[in-house]
Amino acid sequence: MLHNIAKLCQYRRKVFHILPHVRCATRRQLSTPALESPEVDVALSTGRILKISSGKYARFADGCSVVTIGDTAVMVTAVAKQKSQNASFLPLVVDYRQKSAAAGRIPTNFLRRELGPSEKEILSARLVDRSIRPLFPAEFRYDTQIVCNMLAIDSANPPDVQAINGASAALALSDIPWNGPVGAVRVGLVDNEAIINPTRKEMQLSSLDLVVTATRQNLVVMLEGRGNVVNENELRMAIKKGTKEAQLIINGIERLQKMYGKPKRALEPLPAVDEEIQNAVQTMSEMRLREIFRDYSHDKFSRDQAVSKTRTDTIDKVWSSFPAADPGVISETFNKFVKGVFREMLLEEKRRCDGRGLDDLRKISCSVNLHKPLHGSALFQRGQTQVFCTVALDSPESALRLDPIASLDSGMRSKNFFLHYEFPPYATGETGKIGPIGRREIGHGALAEKGLVPIIPNEHSFTVRLTSEVLESNGSSSMATVCAGSMALMDAGVPVQEAAAGVAIGLITKYENNDTKHLQDYCILTDLLGIEDYMGDMDMKVAGTRRGMTAIQADIKVPGIPLKVVMEALQKSMEARFKILDLMDETIGASRTVRKDCWPVTDRLVIEAHQRAKLLGSGGTNLRRLYLETGVQLTPDDETSFRIFAPSEAAMHEAKEYLENLLKAEKIPDLEFGAIYTARIVELRDTGVMVTLYPSMPPTLLHNSQLDQRKIAHPSALGLQVGAEIQVKYFGRDPVSGYMRLSRKVLQGPATAMIRNLDRPGAAGATAGATTNPTTSGVEDVKS
């Protein structure tokens, strides 16, 4: 017994003697950076090198990568919880943060630090989310967070696309189950030639800005882009080239993953559902569901209510037959079965739940000029999707100013056209809190704005704000916004080049074992319904004119679709767009007014340089008074030219009358170059005398150098006094300062001209008689 106790004590002494050394070694191993971090270089077809590295930063994250192109570097981390929260979906969150420090800037807000996410950050986060979400396994339902952190940004390479590649590499290197990697590139179009990852300077010349995300075997996962009315053939070519180029990035990430990737964690399989429960759900609901989806008289709410009633009845009956079963499992089984029946009926019957064929549009009606006080308005109704758009025209000073980082990223300092999109809860017959704009609204509004920007002329004299209010929603409200917004802009008199319209294209597929490369069957749906979006595999929104595409966004819910299907969807969207434009042209052509009384007007005011001070007033008081009284804004272009913006024609007339009276009090006689005038001295200064030629004239300086042919130090040396009159010669106004140029010394000689006295009353231009003067003896004095 004592022997065993002694051995135990000896063992404990050895352990505690070794443990500090083990702790120190572990701490030293974690604190010492690796001698070389895993890195791979991807050579793009343009010759640019994309570097993907890992292992140096954020080693506590499940996965981390740094993507560098040029001097732009983005770090992306991926972390997923080890335990599931029993969610019925994937709780994935993507955060994209722009850092002023990455550009060597300091934020300009009050706290001088990054605040809430900006619109650009939200749009970039959505870009990353839509690129990686389809590739997570169905069984993976763990809380997952992707954080995209901008390390450095140069003036040539935008970081948003590289954030997608960074997220792909971080997930591939981590132990998080994911069926990637994906690769993403930006495609530009300059002189009908596709350019991969163009610089900001090249993007200024490009007619296309398209982001393509693809996975292995040339499968498209996500599309997002805008175009300056790009032809469909050029768009197809750009998508094909972007998909092919993405394979180079995928190969690079796979090489990095093979050498340094972590083994993927084991997934907990979803709870198996008893086959008897599945058969019971099918038996009790299949016939009722098929009847509901074949009843073409249903609208959104009646169909949802019928399916909901079937769900309740089925769950109650199945649970009564299997009391030990979990009602939640029965409900989820029913939801999967509903989706299967809906998709199967579409693939078999090629007829949709509202009775339309695959290529048919819903009934469309539209109207413009709805309310007299509005500059422009339009209502667009497509099925049960209703959008009301209004246009407000304001002065150029109302343009949207961008923050420095957004300006560096986009190349624009301000926007004189912007669209605000609103989706209130009553649009879907629900209640909810109306507060700050959400990510979904920002994304849909940005897409609609992309679709309308190309049809608006680059140079126009107003700031245009287009607001879109979704009043009903059962389908793509963003594409309805493009249609309504286009008509509202025309109704407001904005000189748009041509009308634009948009349509949503859906997809139903059938495949096995996640092999979407070889689809067993599929059907493309034109003018997507809300239920078809929820049950389907793709939501592709395409906006454009008759000449080509202006905006595109494809959300794909399966692990990629072949290029053949993408091209067919683009063809369907073009055919549907032409039909919508025909209906819009009939409406806008029949009811568009020539001119509205409420439209704002602009004009230009040109004044003399010396009148500027009188026009502005002390501290700009005259301009503020003009704005408060008439609503008219005066904006200086240069020293003598002003832009006038008036909210209406009546306000412009009132403003012009105000300005005429203001400048009329300052109206001066026309002075003749080289003529001699009588000037009155109002002040003596060390540098000269202040004189006036007529009563309302502001005093001007007659310098000592122009008083006498002799050099004098002070005007008193000549006996000049305040109130005295002298003759001066007028040499016009200084072209820079606007001050009069007068001289007395040039008159100290023989009389050569008539003297004009503007300070005395009398008939203008009448000769009053001759006067004598020590310096101008024998010169006539003409009173005017």
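Refer to the structure above for everything that follows.
Reading guide: rules and limits
- Residues numbered from 1 in each chain as written.
- Predicted model: local features only at pLDDT ≥ 70, side-chain atom pairs only at ≥ 80, totals over all residues.
- Heavy atoms only, no water.
- Helix = DSSP H or I, 4+ residues; strand = E, 2+ residues; numbered from the N terminus.
- Buried < 20%, exposed > 50% of the residue type's maximum accessible area, 1.4 Å probe, protein only.
- Contact = heavy atoms within 4.5 Å.
- Polar contact = N/O pair within 3.5 Å; in protein donor to acceptor, adjacent residues only side chain to side chain.
- Expected span 1.5 Å × (residues − 1).
- Pairing = 2+ DSSP bridges.
- Axes fitted to C-alpha atoms, helices over the stretch in contact; angles between N-to-C directions.
- Parallel < 35°, antiparallel > 145°, perpendicular 65-115°, else oblique.
- Left-handed = near helix turned anticlockwise from the far one by under 90°.
- Core = buried A, V, L, I, M, F, W, Y, C linked by side-chain atoms within 4.5 Å.
- Domains from an automatic or database assignment.
- Patch = residues over 30% accessible without salt bridge, like charges linked within 9 Å, V, L, I, M, F, W, Y side chains within 5 Å.
- Areas by Shrake-Rupley, 256 points an atom, 1.4 Å probe, with all protein chains shown as cover.
- Salt bridge = Lys/Arg side-chain N within 4 Å of Asp/Glu carboxyl O.
- Phe/Tyr/Trp six-rings, centres within 6.5 Å; stacked < 30°, edge-to-face > 60°.

> Provide a residue-level description of the overall build of the protein, including the pertinent values.
Helix and strand counts for the protein come out as 16 helices and 32 strands. Here the protein holds 784 residues, and the buried ones make up 49% of them. For the protein, the proportion of contacts with a sequence separation of at least 24, taken over those separated by at least 6, is 70%.

> Describe in detail the side chain of serine 476, supporting the description with residues and values.
With respect to the helices and strands, the residue serine 476 is situated in the loop between β17 (463–472) and α11 (477–491). Note on serine 476: relative accessible area 8%, which makes it buried. Only 3.3 Å separates the side chain of serine 476 from the side chain of serine 478, close enough to count as a polar contact. Of note is the side chain of serine 476, whose polar atom sits 3.3 Å from the backbone nitrogen of methionine 479. Those residues in contact with serine 476 that lie beyond four places of it in its chain are Arg382, Thr385, Ala504, Leu528 and Lys541.

> Please set out helix α7 (residues 300–321) residue by residue, giving values where relevant.
Between the first and last C-alpha of α7 there are 32 Å, a value that for 22 residues agrees with the 32 Å anticipated at 1.5 Å per step. Its buried side turned inward, α7 meets α6 (275–294), α8 (327–349) and α12 (530–535). Among the residues of α7, the N-terminal cap falls to aspartate 299, whose side-chain oxygen and the backbone nitrogen of phenylalanine 301 are separated by 3.3 Å.

> Break down the sheet that holds strand β10 (residues 219–230) for me, with residues and values.
Within a beta sheet, neighbouring strands are joined by backbone hydrogen bonds and run either parallel or antiparallel to one another. The antiparallel open sheet is built from eight strands, whose spatial order is β8-β7-β9-β10-β21-β20-β18-β19. Both edges of this open sheet fall to β8 (193–196) and β19 (521–526), since each of them pairs with a single strand only. For this sheet, the mean inter-axis angle between neighbouring strands, taken without regard to orientation, is 20 degrees. Across eight bridges, strand β9 (residues 208–215) lies against β10 in antiparallel orientation. Note that in β10 the partner of valine 212 across the bridge is leucine 223. Relative to the sheet, helix α10 (residues 439–452) contacts β10, β20 (538–544) and β21 (549–556), its axis offset from that of β21 by approximately 150 degrees. Relative to the sheet, α11 contacts β18 (501–510) and β20, its axis offset from that of β18 by approximately 155 degrees.

> Describe in detail unusual backbone geometry, supporting the description with residues and values.
Between glycine 180 and proline 181 the backbone carries a cis peptide bond, its omega angle lying at 5 degrees. Tracing the chain through its elements places proline 181 in the loop between α3 (160–173) and β7 (183–190). Positive phi, normally seen in glycine, also occurs at glutamine 217, with a value near 60 degrees. Structurally, glutamine 217 is set in the loop between β9 and β10.

> Could you give an account of the packing of α6 against α7, with specific residues and numbers?
The interhelical angle for the contact between α6 and α7, taken along N-to-C directions, is 160 degrees, at an axis separation of 10 Å. Judged on the interaxial angle alone, α7 and α6 are roughly antiparallel. Handedness of the α6/α7 crossing: right-handed. On the side of α6, the interface is formed by Ile277, Ala280, Val281, Met284, Ser285, Arg288, Leu289, Ile292 and Phe293, while α7 contributes Arg303, Ala306, Val307, Lys309, Thr310, Asp313, Thr314, Lys317, Val318 and Ser321.

> I'd like to hear about the pairing of strand β28 (residues 725–733), residue by residue, with values.
Here strand β25 (residues 676–684) runs beside β28; their pairing, made up of five bridges, is antiparallel. If you follow alanine 679 over to β28, its bridge partner there is isoleucine 726. The antiparallel pairing of β28 with strand β29 (residues 740–743) creates a hairpin that spans six residues between the two strands, and glycine 738 there sits at a positive phi of about 85 degrees.

> Go over the nonpolar core with me, naming the residues and quoting the values.
Generally speaking, soluble globular proteins have nonpolar side chains that are buried together. Core analysis: the biggest nonpolar cluster contains 93 residues, and Ile52, Leu210, Leu223, Ile239, Phe380 and Met540 have the highest contact counts within it. With eleven residues, the top contributor of residues to this core is helix α13 (residues 563–591). Each of two domains, domain 1 (39–260) and domain 3 (364–586), supplies a minimum of three residues to this core. Among the nonpolar cores identified, the runner-up in size contains 34 residues, and Ala102, Val128, Cys148 and Leu171 belong to it.

> Explain a nonpolar patch on the surface residue by residue, including any values.
On the surface, a cluster of nonpolar side chains totalling about 390 Å² of accessible area is made up of Phe110, Leu111 and Leu115. The topology assignment puts phenylalanine 110 in the loop between β5 (92–97) and α2 (119–132).

> Got a sec to walk through the sheet that holds strand β24 (residues 641–646)? Specific residues and values, please.
Taken together, three strands build an open sheet; the order of strands is β22-β24-β23 and the sheet is antiparallel. Because the sheet does not close on itself, it has two edges, and the strands there are β22 (601–606) and β23 (633–636). Here the strands of the sheet are splayed against their neighbours by 25 degrees on average, with no regard to which way each runs. Of the pairings in the sheet, the one linking β22 to β24 comprises six bridges and is antiparallel in character. Bridge pairing links valine 606 to serine 641 in β24. Sheet strands in contact with helix α16 (residues 649–664) are β22, β23 and β24, and its direction is about 15 degrees off that of β22.

> Lay out α6 in plain terms, naming residues and giving numbers.
The first and last C-alpha atoms of α6 sit 27 Å apart over 20 residues, in line with the 28 Å expected at 1.5 Å per residue. All buried positions along α6 are accounted for by Ile277, Ala280, Val281, Ser285, Leu289, Arg290, Ile292 and Phe293. Of the surrounding elements, those touching the buried residues of α6 are α7, α8 and α12. Sitting at the head of α6, aspartate 274 places a side-chain oxygen 3.2 Å from the backbone nitrogen of glutamate 276.

> Residues and numbers for the pairing of β25, please.
Two elements, β25 and strand β26 (residues 688–692), share four bridges in a ladder whose sense is antiparallel. For arginine 680, the partnering residue across the bridge sits in β26 and is threonine 692. Hairpin connection, β25 to β26: the antiparallel pair is bridged by three residues.

> Break down the packing of aromatic side chains for me, citing the residues and quoting the values.
The final tally for this structure, using the stated rule, is seven aromatic pairs. Note on phenylalanine 136 and phenylalanine 140: the rings are 5.6 Å apart at their centroids and 15 degrees apart in plane angle, and the pair reads as stacked. You can call phenylalanine 136 buried: its relative accessible area is 8%. Taking relative accessible area as the criterion, phenylalanine 140 reaches 1% and is therefore assigned buried. Aromatic side chains phenylalanine 136 and tryptophan 178 sit 6.4 Å apart centroid to centroid with 55 degrees between the ring planes, which places their arrangement in the tilted category. Taken together, the residues span a long stretch of sequence, with phenylalanine 136 in the loop between α2 and β6 (144–152) and tryptophan 178 in the loop between α3 and β7 at a distance of 42 residues. Ring pairing ties together the aromatic residues Phe136, Phe140, Tyr142 and Trp178, which thus form one cluster.

> Describe the pattern of salt bridges, and please don't skip the residues or the numbers.
Any two side chains of opposite charge can pair, on the condition that their charged atoms come close. Inspection of the entire model under this criterion finds 41 salt bridges. Of the charged contacts, one joins arginine 133 and aspartate 129 as a salt bridge, the two residues approaching to 2.8 Å between their closest N and O atoms. On the accessibility criterion, arginine 133 (33% relative accessible area) is partly exposed. Residues arginine 362 and aspartate 527 are paired through a salt bridge, measuring 2.9 Å at the closest nitrogen-oxygen approach. Of this pair, arginine 362 sits in the loop between α8 and β11 (364–368) while aspartate 527 sits in the loop between β19 and α12; the two residues are 165 residues apart in sequence, bridging distant segments of the chain. This pair shows no difference in class: arginine 362 is buried, exactly as aspartate 527 is.

> Lay out the environment of methionine 487 with the relevant residues and their values.
Tracing the backbone shows methionine 487 in helix α11. You can call methionine 487 buried: its relative accessible area is 1%. Each C-alpha atom, one on methionine 487 and one on glycine 589, is 10.0 Å from the other, the two residues being 102 residues apart in sequence. Methionine 487 has contacts with Cys366, Val368, Ala378, Leu379, Phe380, Met584 and Ile588, leaving out every residue within four places of it along the chain.

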